[in-house]
Amino acid sequence: MWTPVACSRWRSVGLTPETSYPVNLGMACPKGWEALEVLNSEKRAHYPLLRQADGTQQRVSWDTALTTFTERFKSIQAKHGNAAVAFVSTGQIVSEEMAFLGALAKFGMGVQHGDGNTRQCMATAVSAYKESFGFDAPPYTYDDFEQSDCLVFVGANPCIGHPIMWERVLRNQKSPEIIVLDPRRTETAMASTQHLQLNPKSDLALLYAITQHLIAANLIDYDFVNAHTEGFEELAAHVSAFTPEAVSQQCGIPVLDIRRAAESIGRASAASLWWTMGVNQSYEGTRVAQAIINIALITGNFGRPGTGANSITGQCNAMGSRLWSNTTNLLGHFKFESADDRQHVAETLGIDVDRIPNEGSWAYDEIVEGIRNGEIKGLWVIATNPAHSWINRGDFRELLGKLDFLVVQDMYDQTDTAKHADLVLPAAGWGEKVGTFINSERRYGLVKKVRRAPGEALADFQIFRAIAAYWGVGDVFAEWTDPEAVFRIMQRLSRNRPNDISGIDGYQQLDASGGIQWPFSEAESQQEDAPVQQRRLFSDGRFYHENGKARLIVDQITPMPEPPDVDYPHLLLTGRGTVSQWHTQTRTENSKVLRKLYPQQPYAEIHPRDAAKLDVINGDRIRVRSRRGEVEVTAMVTPTVRSGHVFIPMHYRIVNELTLSHFDPHSHQPSYKDCAVCLEKV
Ligand SMILES: Nc1nc2c(c(=O)[nH]1)N[C@H]1C(S)=C(S)[C@@H](COP(=O)(O)OP(=O)(O)OC[C@H]3O[C@@H](n4cnc5c(=O)[nH]c(N)nc54)[C@H](O)[C@@H]3O)O[C@H]1N2
Ligand SMILES: Nc1nc2c(c(=O)[nH]1)N[C@H]1C(S)=C(S)[C@@H](COP(=O)(O)OP(=O)(O)OC[C@H]3O[C@@H](n4cnc5c(=O)[nH]c(N)nc54)[C@H](O)[C@@H]3O)O[C@H]1N2
Ligand SMILES: [Mo]
């Protein structure tokens, strides 16, 4: 949490991290220090832009913009049906805006399909938790980083991606065992006590082998298993073939190292397992995440300090999107398919139940296919930049050209996606509006306005309100007057649900208390001894399935769809490059300080042996080619990647020219970190 420094009305000159906020405890990463600077950029969207007959985008008034938005989308719907207009949103706007967008699109405009960049990021964790626990519920609190005596990081590089959380690990006083499963020798791996540098996508086999050893060595908490889980016998039978000896070669990990990792987990008094994109962005990610959950369950590592099977969130409000985007789930994590749920939501919102569709949206990849086959003709993109970030983006950019009408609502009007837009709606950003973000540990925190947005840019909330009025559904959203009014609606919807927030006494309490983790029911708020700052789930061992038990889920191993071969002998890994870069760089490239902290030219990390074979040295130009495209990058020769692997940070737009469109079948999350490429010296 940040406090503005020396701030006249709507003009802050600096930010300083708050020492008492329970999340960052006064620490900050470089992107945080520069958060105001990137708001001042020339590239900010100042005015609505409309594409003219000559192909150029020209400034128009908000009235023209909103009239055009309404007329064009309504005419598409009149001609091709309501479902021909779709939206793609984000984990980067406040929860109240997320809820408003989803409700406006689906209950107001009759849109059937909408999804968000959360699909690229968290969908796998959601599917895994829902199936295993019965609800999408990361159980931990950040204090667990400090309370654990064995921390396992699977496909996560918190030194780069989550520096504030990594600081919490460094504050751990228990000399913990830190086990990292990553095919690269990352900064996090270097700081670990055990780095299992496994072959990419061999996680499932390795985790099953760890499970097998835990069972064989009798390191199971049978009391917990019997009382709180189901499926142990099937699990034990399934993993019995995955002995450390049987998987060692496939995973590239010595037998003894597998056993040692299993022993460390099994013998810890509080073990916690953490995962991020090395798991979520995989064609079998849901099953890998569940293999992680299984290990925490069978060792009884739930509900106590320092434990848990813990998915770390990517974007600032990915969890807001999971609960409130009204895309896959009905607003507030209800089911579109359930008549009772639709009735309940309609009554709570005071709207006609017929406004609520009886099926969820298509997933992102299905929306993309809908554009390809002509079922989707109009697209509204809010706070995401898919022309850079979508898998195999070359193909995606061509598809954007097929749309009859593309609207992009962003803080910047020069993003890769905004350049293709027929209409650009200029939005205010973080620091220029109010609302709540929900972080990885389920904490609602208040986002405050510390400055005014540039030009005629408006908070997304105000844009949605204006669209509701122009569309002619202002009366449906009469109660949705400001973010806090929507927060109260969200509180009503959450009542008696796993994500209950009915006990929060408005924004003022969120502000005063340093944020509040869900669930926080009205009943709990009245208990005198209720813990306020650090709350973890499942201390009573009750999960959300009807019988209260968690499910142990196992599956067959899936082969990698495009493994390296003679023509494309290398495997491409992608991910975060530096602490100073954020995603598609629409924000971070606007800070002079941050720009100095990372290479301007796209680069690829390759192993010294591969460099020698290609006859290149550090700094030489190389060509990386996949079956989809080819790019030129600078070679960064380093033993952090294994021979046969190449790593390119996702911050450079070239990276998704190469990636292969393939997805986890359960979560539909893109598998961004595995495709075959070949390298040539330029
Ligand atoms: N500086 C910075 N921080 C960020 C972001 C940013 O853009 N910049 N983005 C934020 C967001 S939205 C996200 S989602 C998070 C992402 O945070 P992380 O998930 O930590 O980041 P990544 O680098 O994408 O992936 C993590 C690791 O997965 C490894 N990996 C690749 N394939 C495999 C595999 O098959 N198995 C295993 N076990 N590991 C594998 C990669 O080598 C990589 O080191 O970061 C957040 N924080
Ligand atoms: N190859 C490869 N590709 C990847 C990944 C990978 O690891 N490898 N990671 C994936 C992951 S985890 C993620 S999360 C995605 C991220 O991909 P994107 O979502 O496409 O990337 P961002 O750059 O975060 O885009 C967010 C946009 O929202 C705008 N914005 C920010 N705040 C606001 C606001 O308040 N209102 C409005 N209207 N606009 C706002 C920003 O200006 C920016 O243009 O990339 C995915 N793509
Ligand atoms: Mo992400």
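Calculation rules
Residues numbered from 1 in each chain as written. Chains lettered and ligands numbered in written order. Predicted model: local features only at pLDDT ≥ 70, side-chain atom pairs only at ≥ 80, totals over all residues. Heavy atoms only, no water. Near = heavy atom within 4 Å. Polar contact = N/O pair within 3.5 Å; in protein donor to acceptor, adjacent residues only side chain to side chain. Areas by Shrake-Rupley, 256 points an atom, 1.4 Å probe, with all protein chains shown as cover. Helix = DSSP H or I, 4+ residues; strand = E, 2+ residues; numbered from the N terminus. Expected span 1.5 Å × (residues − 1). Buried < 20%, exposed > 50% of the residue type's maximum accessible area, 1.4 Å probe, protein only. Pairing = 2+ DSSP bridges. Axes fitted to C-alpha atoms, helices over the stretch in contact; angles between N-to-C directions. Left-handed = near helix turned anticlockwise from the far one by under 90°. Contact = heavy atoms within 4.5 Å. Nonpolar A, V, L, I, M, F, W, Y, C, P; charged D, E, K, R; others polar. Salt bridge = Lys/Arg side-chain N within 4 Å of Asp/Glu carboxyl O. Core = buried A, V, L, I, M, F, W, Y, C linked by side-chain atoms within 4.5 Å. Domains from an automatic or database assignment. pLDDT = per-residue confidence, 0-100.

*Asks:* Go over the site of ligand 2 with me, naming the residues and quoting the values.
*Replies:* Every one of the 34 residues lining ligand 2 counts as a neighbour, but Asn117, Ser389, Asp410, His583 and Thr584 are closest to it. Asn117 is positioned such that a nitrogen or oxygen atom in its side chain is 2.6 Å from an oxygen atom of ligand 2. In the environment of ligand 2, a nitrogen atom lies 2.8 Å from a nitrogen or oxygen atom belonging to the side chain of Asn656. In isolation ligand 2 has 920 Å² of accessible area, and contact with the protein removes 99% of it.

*Asks:* Any chance you could break down helix α9 (residues 203-216) for me, citing the residues and the numbers?
*Replies:* Counted at 1.5 Å a residue, the expected span for α9 with its 14 residues is 20 Å, and the 20 Å between its end C-alpha atoms agrees. With 12 of 14 residues buried, α9 is to be regarded as a mostly interior element. Directly beyond the C-terminal end of α9, a positive phi value near 55° is found at Asn218.

*Asks:* Break down the sheet that holds strand β8 (residues 177-181) for me, citing the residues and quoting the values.
*Replies:* Pairing is parallel across the open sheet formed by five strands, whose spatial order is β9-β8-β7-β11-β12. For this open sheet the edge positions go to β9 (194-196) and β12 (308-311), each flanked by a neighbour on one side alone. With direction set aside, neighbouring strand axes in the sheet form an average angle of 15°. Looking at chain direction, strand β11 (residues 271-275) and β12 are connected through four bridges and run parallel. For Leu273, the partnering residue across the bridge sits in β12 and is Ala309.

*Asks:* How would you explain the pairing of strand β21 (residues 603-606) if you had to name every residue and give the values?
*Replies:* Of the two faces of β21, the one carrying Tyr603 and Glu605 and the one carrying Ala604 and Ile606 are both buried. Pairing between β21 and strand β23 (residues 630-637): four bridges, direction parallel. Bridge pairing in β23 places Tyr603 opposite Thr634. Examined bridge by bridge, β21 and strand β24 (residues 645-649) share two bridges and lie antiparallel to one another. Note on β24: the bridge partner recorded for Ile606 is Val646.

*Asks:* Could you give an account of the packing of helix α17 (residues 339-349) against helix α22 (residues 483-494), naming the residues involved and the relevant values?
*Replies:* Running from amino to carboxyl end, α17 crosses α22 at an angle of 145°, the nearest separation of the two axes being 10 Å. As for the relative orientation of α17 and α22, their crossing is right-handed in sense. In this structure, α17 contributes Val345, Thr348 and Leu349 to the contact, and α22 contributes Ile489, Arg492 and Leu493. Residue composition of the contact of α17 with α22, grouped by class: four nonpolar, one polar and one charged.

*Asks:* Requested: an account of the sheet that holds strand β18 (residues 516-517), with residues and values cited.
*Replies:* Taken in spatial order, the three strands make up an open sheet running β16-β17-β18, and their pairing is antiparallel. On the outer flanks of this sheet lie β16 (435-438) and β18, each paired with one strand and no other. Strands β16, β17 (443-447) and β18 of the sheet are contacted by helix α23 (residues 506-513), whose axis makes an angle of about 100° with β17.

*Asks:* So, the pattern of salt bridges: which residues are in play, and what are the values?
*Replies:* On inspection of all chains with the given rule, the structure shows 36 salt bridges. Across the pair Glu131 and Arg287 runs a salt bridge, and its minimum N-O distance is 3.1 Å. With Glu131 in helix α4 (residues 123-133) and Arg287 in helix α15 (residues 285-298), this pair connects stretches of sequence that are 156 residues apart. As a salt-bridge pair, Arg492 and Glu479 come within 3.0 Å of each other at their nearest N and O atoms. Of this pair, Arg492 sits in helix α22 while Glu479 sits in the loop between α21 (460-471) and α22, and the two are 13 residues apart along the sequence. Taking relative accessible area as the criterion, Arg492 reaches 33% and is therefore assigned partly exposed. Salt bridges linked by common partners bring Arg393, Arg397, Asp416, Arg653 and Glu657 together as one network.

*Asks:* Can you tell me about the nonpolar core, naming the residues and giving the values?
*Replies:* Generally speaking, soluble globular proteins have nonpolar side chains that are buried together. Ranked by internal contacts, the top residues of the largest apolar core, which has 129 residues, are Phe69, Phe73, Leu104, Trp275, Trp380, Tyr444 and Trp480. When residues of this core are assigned to their parent elements, the largest contribution, nine residues, is made by α15. If you count residues domain by domain, this core takes at least three from each of domain 2 (44-120 + 319-527) and domain 3 (123-311).

*Asks:* Quick one: what's the story with the site of ligand 1, residue by residue and with numbers?
*Replies:* Neighbouring residues of ligand 1: 32 residues in total, closest Gly161, Asp182, Lys201, Asp203 and Gln581. Within the side chain of Asp203, an N or O atom sits 2.6 Å from a nitrogen atom of ligand 1. A distance of 2.8 Å is found between an oxygen atom of ligand 1 and a backbone nitrogen or oxygen belonging to Met277. Only α6 (158-161), α14 (277-280) and β20 (570-575) provide two or more residues apiece to the shell around ligand 1. When grouped by side-chain class, the residues that make up the shell around ligand 1 number 11 nonpolar, 14 polar and seven charged. Built from parts of two domains, the shell around ligand 1 gets at least three residues from each of domain 3 (123-311) and domain 4 (570-681).

*Asks:* Give me the lowdown on helix α2 (residues 62-80), citing residues and values where you can.
*Replies:* Given a rise of 1.5 Å per residue, 19 residues ought to cover 27 Å, and the 27 Å separating the end C-alpha atoms of α2 matches this to within 8%. By the burial criterion, the buried members of α2 are Trp62, Ala65, Leu66, Thr68, Phe69, Thr70, Phe73, Ile76 and Gln77. Taken together, the buried residues of α2 touch β3 (49-51), β5 (85-89), β13 (378-382), β14 (405-410), β15 (423-426) and α21. Positive backbone phi, at 95°, marks Gly81, one or two positions downstream of α2.

*Asks:* Outline the confidence of the model for the chain, listing residues and values.
*Replies:* In low-pLDDT regions, the fine details of the predicted coordinates are not to be read closely. Residues of the chain with pLDDT of at least 70 account for 93%, and the chain-wide mean is 94. Contacts for the low-pLDDT stretch residues 4-10, under 50 throughout, to residues beyond four places or in other chains number 17 contacts.

*Asks:* Quick rundown of the environment of Val450? Include the residues and the values.
*Replies:* Within the secondary structure, Val450 sits in the loop between β17 and α21. Considered as a pair, Val450 and Val434 are 16 residues apart in the sequence and their alpha carbons are 9.3 Å apart.

*Asks:* An account of the environment of Arg551 is requested, with residue identities and associated values reported.
*Replies:* Structurally, Arg551 is set in strand β19 (residues 550-551). Residue classification places Arg551 among the partly exposed positions, given a relative accessible area of 34%. Put simply, Arg551 and His388 are 163 residues apart on the chain and 37 Å apart in space, counted from C-alpha to C-alpha. Sequence-distant contacts of Arg551, defined by excluding residues within four places in its chain, comprise Glu131, Ser132, Glu230, Asn294, Leu297 and His545.

*Asks:* Just give me the short version of the side chain of Thr640, but keep the residues and values in it.
*Replies:* Structurally, the position occupied by Thr640 is in the loop between β23 and β24. Residue class for Thr640 comes out buried when judged on its relative accessible area of 17%. Of the polar contacts made by the side chain of Thr640, one reaches the side chain of Glu605; its length is 3.3 Å. When near neighbours in sequence (up to four residues on either side) are disregarded, Thr640 contacts Arg184, Arg185, Met190, Gln197 and Glu605.

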